[in-house]
Amino acid sequence: MSDDADFEELAPTLELPSRPRRNRRTPALRNMVRETRLDPAQLVYPLFVHSDAEDTPISSMPGQTRWSLKGLVKEVKRAAKLGIDKVVVFPKIDDKLKNETGTEAANGKGLIPEVIRRIKAACPDTCVITDIALDPYNIDGHDGIVSDEGVILNDETIAMLCEQAITHAQAGADIVAPSDMMDGRVGAIRQVLDDVGFTDVSIMSYTAKYASAFYGPFRGALDSAPKASGSKPIPKDKQTYQMDPANVREALRELELDESEGADIVLVKPAGPYLDIIRTLRDATHLPVAAYQVSGEYLMIKSAAKAGWLEERAAVMETLIGIRRAGADIILTYFAPQVAEWLE
Ligand code: PBG
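Throughout what follows, the structure given in this document is the object of discussion. The structure presented is a predicted model; accordingly, all values stated were derived computationally and were not measured. (Residues numbered from 1 in each chain as written. Predicted model: local features only at pLDDT ≥ 70, side-chain atom pairs only at ≥ 80, totals over all residues. Heavy atoms only, no water.)

### As for the pattern of salt bridges
Then, number 1: Counted under the stated rule, the structure contains 20 salt bridges.
Then, number 2: One salt bridge connects Asp 174 with Lys 120, and the closest N-O pair in it is separated by 2.8 Å. A residue pair is termed long-range when its members are at least 10 positions apart, and Asp 174 in the loop between helix 5 (154-171) and strand 8 (175-178) and Lys 120 in helix 4 (residues 111-122) qualify at 54 residues.
Then, number 3: Judged by its relative accessible area of 26%, Asp 174 is partly exposed.
Then, number 4: Note that Asp 194 is salt-bridged to Arg 190, the shortest N-O span being 3.0 Å. Pair noted here: Asp 194 and Arg 190 are both in helix 6 (residues 185-195), with a separation of four residues, about one helical turn.
Then, number 5: For Arg 190, a relative accessible area of 12% gives the class buried. (Salt bridge = Lys/Arg side-chain N within 4 Å of Asp/Glu carboxyl O. Helix = DSSP H or I, 4+ residues; strand = E, 2+ residues; numbered from the N terminus. Buried < 20%, exposed > 50% of the residue type's maximum accessible area, 1.4 Å probe, protein only.)

Right under this line is the structure:
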């Protein structure tokens, strides 16, 4: 007699009042008891655009493209057909348009206003979200204006961000999303939007944006990493305005401020390494909570899958359901159209 048969004979029928595995037995049962779901309506697709006529693959983000205006509109249409009707657009600005105060950010004839108008003309039902920050326009690569002493100036920056927000609203943006982390910018932007008559333009605030290593591929995509341009001392990182990855209470402090200043949606960024922050904000506010699965999180999955070390689809779905389970109502992810295809 083999050892196996011995084992079977010995196996007692346990008198278990509860067997959780019963609910996991078939796909139908698992689907019925599933606690968290993912819907394309909850996804926002971040897109990169430049003024060139060519669509250029982004080497630091395989599968992502720096779109031409034409290519971008086509991609937005493709996404809309898949049920992805919310996009956030990031510009790669020509070097010759960059200066120390990022004035191109408020040019009504600039790249982003043109992008907004073209998307709205082609896909009027697509919700257009724009990034409010100076880093693509600022010669120093910082989200704010840098003083001669190398200090990122808060209030001076906010004046420029307000102009940028108005410019985007005038072009037809549905939501402006300040990602700069200056103090008081949500209230200031709300006030100028209202003053000019844009009471219906929403603010999605990057409430808890951490000084993260996971933005690296994005800065490569936009060529927007902090760098010295002249004789000024330029801080190499963004730690004087983006948050310390070690902090939770500080996220609640930022939340209180953003709520009182009139934010419509509060955002946590990055997403994966900050699931506890997403949960903390979800439990502390009645506002919708968004989470941004950033370029580095995207690249980690893409690279591992390319090497054959991870199954891409399963890994992507697991990260997104994890972000939803942590409490995110909305997810910004470069995988958005791909996920919509998988969910079809
Ligand atoms: C800057 C901005 C960044 C991202 C979105 N807006 C980078 C940064 O703060 O340096 C990162 C997005 C990503 O990594 O996917 N305003």
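That covers the picture; the talk isn't over yet.
### Here we look at the packing of aromatic side chains
Then, number 1: Evaluated as defined, the whole model comprises ten aromatic pairs.
Then, number 2: Where Phe 90 meets Phe 218, the ring centres are 5.0 Å apart and the plane angle is 90 degrees; that geometry is what we call edge-to-face. Of this pair, Phe 90 sits in strand 4 (residues 86-91) while Phe 218 sits in helix 7 (residues 216-222), and the two are 128 residues apart along the sequence.
Then, number 3: Through a chain of ring-to-ring contacts, three or more aromatic side chains come together here, namely Phe 48, Phe 90, Tyr 206, Phe 218, Tyr 292, Tyr 298, Tyr 334 and Phe 335. (Phe/Tyr/Trp six-rings, centres within 6.5 Å; stacked < 30°, edge-to-face > 60°.)

### Remarks on the environment of Glu 254
Then, number 1: For Glu 254, the position within the fold is in helix 8 (residues 249-261).
Then, number 2: Remark: the alpha-carbon pair of Glu 254 and Ile 84, spanning 170 residues in sequence, is separated by 29 Å.
Then, number 3: Filtering out sequence-adjacent residues up to four positions away, Glu 254 remains in contact with Met 181, Thr 207 and Met 243. (Contact = heavy atoms within 4.5 Å.)

### Side note on the side chain of Ser 179
Then, number 1: Mapped onto the fold, Ser 179 is located in the loop between strand 8 and helix 6.
Then, number 2: Setting aside residues up to four positions removed in sequence, Ser 179 forms contacts with Asp 131, Ile 132, Ala 133, Asp 143, Arg 185, Tyr 206 and Lys 209.

### Details of helix 6
Then, number 1: Buried within helix 6 are the following residues: Arg 185, Val 186, Ala 188, Ile 189, Arg 190 and Leu 193.
Then, number 2: Those residues of helix 6 that are buried are in contact with strand 5 (127-132), helix 5, strand 8, strand 9 (202-209) and helix 8.
Then, number 3: Once helix 6 ends, the next one or two residues include Gly 197, with phi positive near 100 degrees.

### Topic: the site of the ligand
Then, number 1: Around the ligand, a shell composed of 18 residues is seen, among which Arg 219, Lys 238, Lys 269, Ser 295 and Tyr 334 lie nearest.
Then, number 2: A distance of 2.8 Å separates an oxygen atom of the ligand from a polar side-chain atom of Gln 242.
Then, number 3: Looking at the shell around the ligand, its residues break down into eight nonpolar, three polar and seven charged. (Near = heavy atom within 4 Å. Polar contact = N/O pair within 3.5 Å; in protein donor to acceptor, adjacent residues only side chain to side chain. Nonpolar A, V, L, I, M, F, W, Y, C, P; charged D, E, K, R; others polar.)

### Notes on helix 4
Then, number 1: If you check helix 4, its first and last C-alpha atoms are 17 Å apart, about what twelve residues at 1.5 Å a residue would give, namely 16 Å.
Then, number 2: Among the residues making up helix 4, those that are buried are Leu 111, Ile 112, Pro 113, Val 115, Ile 116, Ile 119 and Lys 120.
Then, number 3: Packed against the buried residues of helix 4 are strand 1 (43-49), helix 3 (69-81), strand 4, strand 5 and helix 5. (Expected span 1.5 Å × (residues − 1).)

### A few points about the packing of helix 3 against helix 4
A packed helix pair is summarised by two numbers, namely the angle formed by the two axes and the spacing between the axes.
Then, number 1: In the contact formed by helix 3 and helix 4, the axes pass within 10 Å of each other and the chain directions differ by 40 degrees. One way to sum up the angle between helix 3 and helix 4 is to call them oblique. As helix 3 packs across helix 4, the resulting crossing turns out to be right-handed. Taken together, the residues of helix 4 that come into contact with helix 3 (itself represented by Leu 69, Leu 72, Val 73, Val 76 and Lys 77) are Leu 111, Glu 114, Val 115, Arg 118, Ile 119 and Ala 122.
Then, number 2: Residue composition of the contact of helix 3 with helix 4, by class: eight nonpolar, no polar and three charged. (Axes fitted to C-alpha atoms, helices over the stretch in contact; angles between N-to-C directions. Parallel < 35°, antiparallel > 145°, perpendicular 65-115°, else oblique. Left-handed = near helix turned anticlockwise from the far one by under 90°.)

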